[in-house]
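Observations on the three-dimensional arrangement
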Protein chains: 2
Amino acid sequence: MRVVVPVSGSDPKTRLSPVLSPDERREFTKAMLTDVLAALDGAGYDPEVVSTAPIECDAPVTVDDRGLDALVNDLLTEEALAVVMADLPLITPETVERLFAPDADVVLAPGLGGGTNAFVCRHPDFYVDYHGASIRDHRRIAAEVGADLTEVDSRLLATDIDEPADLAEVLLHGDAAASEWLADAGFELALDDGRVGVERE
Amino acid sequence: MRVVVPVSGSDPKTRLSPVLSPDERREFTKAMLTDVLAALDGAGYDPEVVSTAPIECDAPVTVDDRGLDALVNDLLTEEALAVVMADLPLITPETVERLFAPDADVVLAPGLGGGTNAFVCRHPDFYVDYHGASIRDHRRIAAEVGADLTEVDSRLLATDIDEPADLAEVLLHGDAAASEWLADAGFELALDDGRVGVERE
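Residues numbered from 1 in each chain as written. Chains lettered and ligands numbered in written order. Predicted model: local features only at pLDDT ≥ 70, side-chain atom pairs only at ≥ 80, totals over all residues. Heavy atoms only, no water.

**As for the overall build of chain A**
A count of helical and extended segments in chain A gives 7 helices and 9 strands. Relative to its length of 201 residues, chain A is compact, with a C-alpha radius of gyration of 16 Å against a globular reference of 17 Å. Each principal axis of the C-alpha distribution contributes one length, and for chain A these read about 50 × 40 × 30 Å. Of all 201 residues assigned to chain A, the portion counted as buried reaches 56%. (Helix = DSSP H or I, 4+ residues; strand = E, 2+ residues; numbered from the N terminus. Rg over C-alpha atoms; globule rule 2.2 N^0.38 Å. Buried < 20%, exposed > 50% of the residue type's maximum accessible area, 1.4 Å probe, protein only.)

Structural data, given as structure tokens:
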């Protein structure tokens, strides 16, 4: 199966701007991509990266700046396709195996806040629409085209890193490139009465 | 195995105060508890509720206002114990089965933001400390007492409902008492550029 990891290589992760400079956002994005590619590789897959700009990584890179929907829907003409987002630094080979295990036409991995962080598609008519609460749209599209749908219940696949508060999840649970990058950049957990956050020294 | 669901019956979910009145927070807490008890019952368990104040629900209730650590550590003198938090309205019988499936001394279900949303304990020396980033403390305690540790990778178990933004997860993914309560109270999804939030009519 073809496995594609889309990534923004130019101005990624703008919602992390309050805590990371543009260069740091690019570096952190590369660290997260490293972790995602390692997990896919560890599960026996050969991922390809599609980036909006050239990016160094341990996989073949195609540069394509058309936007996610156009790009993925073009790829969905293939017989079977998996798309795994690049900002999922907690995923492990075991998580990847859980994503690929169900024998369904469409397998969705919901993200926190309504996104779709990964999917596997084995149906010719399924297509994506990443705007808004995409997980609802993808459920609807699967039903409309008559595709069997399964969802993977995984915290590690659900945890995409978009906002400063998300960095706490990387420090709490990560043990690879992204968490090392954050620690080297001076981030550490900050405890208060509610959920754990981060602070930078 | 004894299965206990601790809940705050008096002034629950204070971090939802910006969007829910005290009475509404109590009602919504009962709706979430209903969903948790139904999932446990559906998986074949007979949960008991321990509440800080009397609360109506479909399970035997013990009132105990000592605080979570004291309460749970007293129960941990039992041979085997599972504790499942009451604010996990997305869990299903299948999720419950995943929590109980591993044959480990201690099984932890991490919550978002460093919490421990559920655990199963089959080791005589394990104890809990829910302050701060409890998942880290529970990993450390399991190692210190020589208990085999497994973590369950579940978004549905990770999604505890504490803050207004969390309500979006219930509307996106829930289909039982808690999501019905929110819909009846006028909450609906609000789409913006980032993650999906909620608004109230």
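**Brief notes about the relation of the copies chain A and chain B**
Expressed as a screw transformation, the operator carrying chain A onto chain B has a rotation angle of 180° and an axial translation of 0.0 Å, and the superposed copies differ by an RMSD of 0.0 Å. Classification of the inter-copy transformation places it as that of a two-fold axis. (Least-squares fit on C-alpha atoms with pLDDT ≥ 70 in both.)

**Points about the sheet that holds strand β7 (residues 149–151) of chain A**
Residues and elements named next belong to chain A. Taken in spatial order, the 7 strands make up an open sheet running β3-β2-β1-β4-β6-β5-β7, and their pairing is mixed. Two strands bound the open sheet, and with one partner strand each, they are β3 (61–63) and β7. Taking each pair of neighbouring strands and ignoring which way they run, the sheet shows an average axis angle of 20°. Judged from the 4 bridges that link them, strand β1 (residues 2–7) and strand β2 (residues 48–51) form a sheet pairing that is parallel. Counted as the bridge partner of Val-7 is Ser-51 from β2. Seen against the sheet, helix α3 (residues 93–100) touches β1, β4 (81–84), β5 (106–110) and β6 (116–121) and runs at an angle of roughly 50° to β6. (Pairing = 2+ DSSP bridges. Axes fitted to C-alpha atoms, helices over the stretch in contact; angles between N-to-C directions. Contact = heavy atoms within 4.5 Å.)

**Structural notes on the pattern of salt bridges**
According to the stated counting rule, one finds 28 salt bridges over all chains in the structure shown. Of the charged contacts in the structure, one is a salt bridge between Arg-140 of chain A and Asp-137 of chain A, with a shortest N-O distance of 3.4 Å. With Arg-140 of chain A and Asp-137 of chain A both in helix α4 (residues 134–144) and 3 residues apart, the pair spans about one turn of that helix. By relative accessible area, which is 35% here, Arg-140 of chain A ends up partly exposed. Exposure remark for Asp-137 of chain A: the relative accessible area of 19% places this residue in the buried category. Where Glu-144 of chain B meets Arg-140 of chain B, a salt bridge forms, and the shortest distance between an N and an O atom there is 3.2 Å. Of this pair, Glu-144 of chain B and Arg-140 of chain B both sit in helix α4 (residues 134–144), 4 residues apart, which is roughly one turn of that helix. (Salt bridge = Lys/Arg side-chain N within 4 Å of Asp/Glu carboxyl O.)

**Looking at helix α7 (residues 177–184) of chain B**
Residues and elements named next belong to chain B. Buried within α7 we find Ala-178, Ser-179, Trp-181 and Leu-182. Within α7, the buried residues cover an arc of 160° as seen down the axis, which keeps them to one side. In the segment just after α7, Gly-186 is the residue with positive phi, at about 95°. (Arc of directions from axis to C-beta.)

**Looking at the sheet that holds strand β3 (residues 61–63) of chain B**
Residues and elements named next belong to chain B. One open sheet accounts for 7 strands, arranged β3-β2-β1-β4-β6-β5-β7; its pairing is mixed. Whereas interior strands pair on both sides, the edge strands pair on one side only; in this sheet they are β3 and β7 (149–151). Taken over all neighbouring pairs, the strand axes of this sheet differ in orientation by 20° on average, direction set aside. One ladder, built from 3 bridges, connects strand β5 (residues 106–110) with β7; its direction is parallel. Bridge pairing in β7 links Val-107 to Thr-150. The sheet strands contacting helix α1 (residues 22–42) are β1 (2–7), β2 (48–51) and β4 (81–84), and the helix crosses β1 at an angle near 170°. Packed onto the sheet, helix α3 (residues 93–100) meets β1, β4, β5 and β6 (116–121) and runs at close to 50° relative to β6.

**Structural notes on the interface of chain A and chain B**
Every contact between the two is made by 30 residues of chain A and, on the other side, 30 residues of chain B. For the chain A face of the interface with chain B, the top three residues by lost area are Asp-153, Arg-155 and Arg-195 of chain A, together amounting to 29%. At the surface where chain A touches chain B, the tally comes to 2 salt bridges. Between Asp-153 of chain A and Arg-98 of chain B there is a salt bridge whose closest N-O contact spans 3.3 Å. (Buried area = accessible area lost by both parts, 1.4 Å probe.)

**Notes on the packing of α1 of chain B against α7 of chain B**
If you want to describe how two helices pack, look at the angle between their axes and the distance between the axes. Residues and elements named next belong to chain B. Running from amino to carboxyl end, α1 crosses α7 at an angle of 150°, the nearest separation of the two axes being 7 Å. Between α1 and α7, the angle falls in the class roughly antiparallel. Facing Glu-24, Glu-27, Phe-28, Ala-31, Met-32, Thr-34 and Asp-35 of α1, the residues of α7 in contact are Ala-177, Ala-178, Trp-181 and Leu-182. Its residues placed into classes, the contact of α1 with α7 shows 7 nonpolar, 1 polar and 3 charged. (Parallel < 35°, antiparallel > 145°, perpendicular 65-115°, else oblique. Nonpolar A, V, L, I, M, F, W, Y, C, P; charged D, E, K, R; others polar.)

**What to know about the side chain of Thr-159 of chain B**
Relative to the helices and strands, Thr-159 of chain B is located in the loop between α5 (155–158) and α6 (167–173). Excluding anything up to four places from it in sequence, Thr-159 of chain B contacts Asp-87, Leu-88, Pro-89, Leu-90, Leu-112, Asn-117 and Glu-169 of chain B.

**Structural notes on α3 of chain A**
Residues three or four positions apart in an α-helix share a direction because the helix packs 3.6 residues into each turn. Of all the positions in α3 of chain A, only Thr-95, Val-96, Leu-99 and Phe-100 of chain A are classed as buried. Viewed end-on, α3 of chain A has its buried residues packed into an arc of 135°, placing them on one side of the element.

**Describing the confidence of the model for chain A**
This prediction gives chain A a mean pLDDT of 95; 99% of its residues lie at or above 70. If you check the scores for this complex, the pTM reads 0.96 and the ipTM reads 0.95. (pLDDT = per-residue confidence, 0-100.)

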